[in-house]
Amino acid sequence: MLDIRLDSFSYHEHQKHSRTSRLIKAAYVTNSCILKTDNGPQLWKKFETPLYRKLRKSQEYMEDVAIDLLSLKMSLFKERDKYTPLTLLETYLSSPELDFKDIIGVICDFLLAGIDTTTYTTSFLLYHLAINPEVQHKAYEESLKLLKTPQSAVTEDVLKEAVYTKAVLKESLRLRPVSVGIGRILQNEAVFSTYPVPAETVVVSQNQISCRLDKYFECADKFLPDRWIKGHPLYKQAHPFLLLPFGHGPRSCIARRLAEQNMVILTLKVVRNYKIEWAGGTLDSRSLLINKPDGPILLTFKKRE
Ligand code: HEM
């Protein structure tokens, strides 16, 4: 989305003080401070509290990275080939309604919204595969069918056919969404189950809870990807507003398709090449601003023959 590779898997970026490590830390600190500064007495409005300072410093670091990345992109943008279609960032850069500050704001949002969300979702997905060997075996069989060799690329056609892997991701998001639901400020008065709620009220839907209720999903606490596969005996059409891990409407996640595609590609590649095992106890989630795993990710990967 930034048109520039951050190279986060390189040796250098794995080091403690690298840009990637500092960005990961800044996103985590921001996510841990927002709810705490939002709720309760907001003393930070009168003077800079230690929590607010942490939040400010993390945000400043992310903004510095965004400025560096955008400056680099702008210098390359001048030399771009005029016949290739514009990327998202290039569209922003060519838009007269947006100035440098607006685009910096968007990049900061990408950096904050893109780091922990995909990481936590992927961690839970691999955890579910590890503790449900029969599910992992079915995903492995699908990857064997779709990827002829362990090195085969995941093409557009492969993605279309990866029905079971997509169901695994969906089921994992049902049980372990990164967001409890969707938050909105009501523009108009509304009535929910006969309770009138005035305009301007902050309303947060509780999809995470609804997705765990047996009245909506049979054996709701069980990890059963087959429930999403049309034609399977476990399949039942769920209410369209129950499972909304990427939100809903015009403010829903801008990167939904990209994130889903990344996670499906990763799952196909990992299960095709490795047997995944879990070396810990039950992994639960803890809510900061977003839900994070409540313990270390103790996965082991055994190379398949
Ligand atoms: C598993 C991965 C992800 C999940 C589960 C997720 C989930 C969400 C959710 C629930 C929202 C709020 C939607 C609403 O209020 O209706 C959101 C918004 C957003 N997400 Fe994601 N997200 C993920 C990955 C990403 C990535 C990788 C990026 C960027 C690179 C990203 C960028 C954004 C942005 C910019 C918004 C704000 C959209 C707006 O306010 O108009 N997300 N995401």
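Residues numbered from 1 in each chain as written. Predicted model: local features only at pLDDT ≥ 70, side-chain atom pairs only at ≥ 80, totals over all residues.

(A) Structural view of the overall build of the chain. Each helix and strand in the chain was counted, giving nine helices and eight strands. In summary, the chain has a C-alpha radius of gyration of 21 Å against a globular reference of 19 Å for 305 residues, a match within 12%. On the principal axes, the C-alpha backbone points of the chain span a range of 60 × 55 × 40 Å. Burial statistics for the chain: of 305 residues in total, 24% are counted as buried. A fraction of 66% describes how many contacts in the chain between residues 6 or more apart in sequence connect residues 24 or more apart. (Helix = DSSP H or I, 4+ residues; strand = E, 2+ residues; numbered from the N terminus. Rg over C-alpha atoms; globule rule 2.2 N^0.38 Å. Buried ≥ 20, exposed ≤ 12 C-beta atoms within 10 Å, placed from the backbone. Contact = placed C-beta atoms within 7 Å.)

(B) Spotlight on the pairing of strand β8 (residues 299-303). Little of β8 is tucked away: zero of the five residues are buried. Bridge count between strand β5 (residues 274-278) and β8: five bridges; the pairing is antiparallel. Looking across to β8, one finds that glutamate 277 is bridged to threonine 300. (Pairing = 2+ DSSP bridges.)

(C) Quick look at unusual backbone geometry. Positive phi, normally seen in glycine, also occurs at threonine 194, with a value near 75°. Following the sequence through the fold, threonine 194 ends up in the loop between β2 (190-192) and β3 (195-197).

(D) Looking closely at the site of the ligand. The environment of the ligand is made up of 21 residues, and the closest members are Ala113, Gly114, Gly247, Cys253 and Ala255. With seven residues, helix α4 (residues 100-131) is the single largest residue contributor to the shell around the ligand. Of the residues assigned to the shell around the ligand, the class counts are eleven nonpolar, eight polar and two charged. (Near = placed C-beta within 6 Å. Nonpolar A, V, L, I, M, F, W, Y, C, P; charged D, E, K, R; others polar.)

(E) The arrangement of the nonpolar core in detail. Within the largest apolar cluster, 25 residues are counted, with the highest numbers of intra-cluster contacts made by Leu125, Leu126, Leu129, Ala139, Val168, Leu268 and Val271. Where this core is concerned, the elements lending two or more residues are α4, α5 (133-146), α7 (163-175) and α9 (256-273). Among the elements that make up this core, the one with the highest residue count is α4 (six residues). If we skip the residues at most four places from it in the chain, leucine 268 touches Ser143, Leu146, Leu147, Val154, Ala162 and Thr165. Judged by nonpolar contacts, the second largest core, of twelve residues, contains Leu23, Ala26, Val65 and Ile107. (Core = buried A, V, L, I, M, F, W, Y, C linked by C-beta atoms within 7 Å.)

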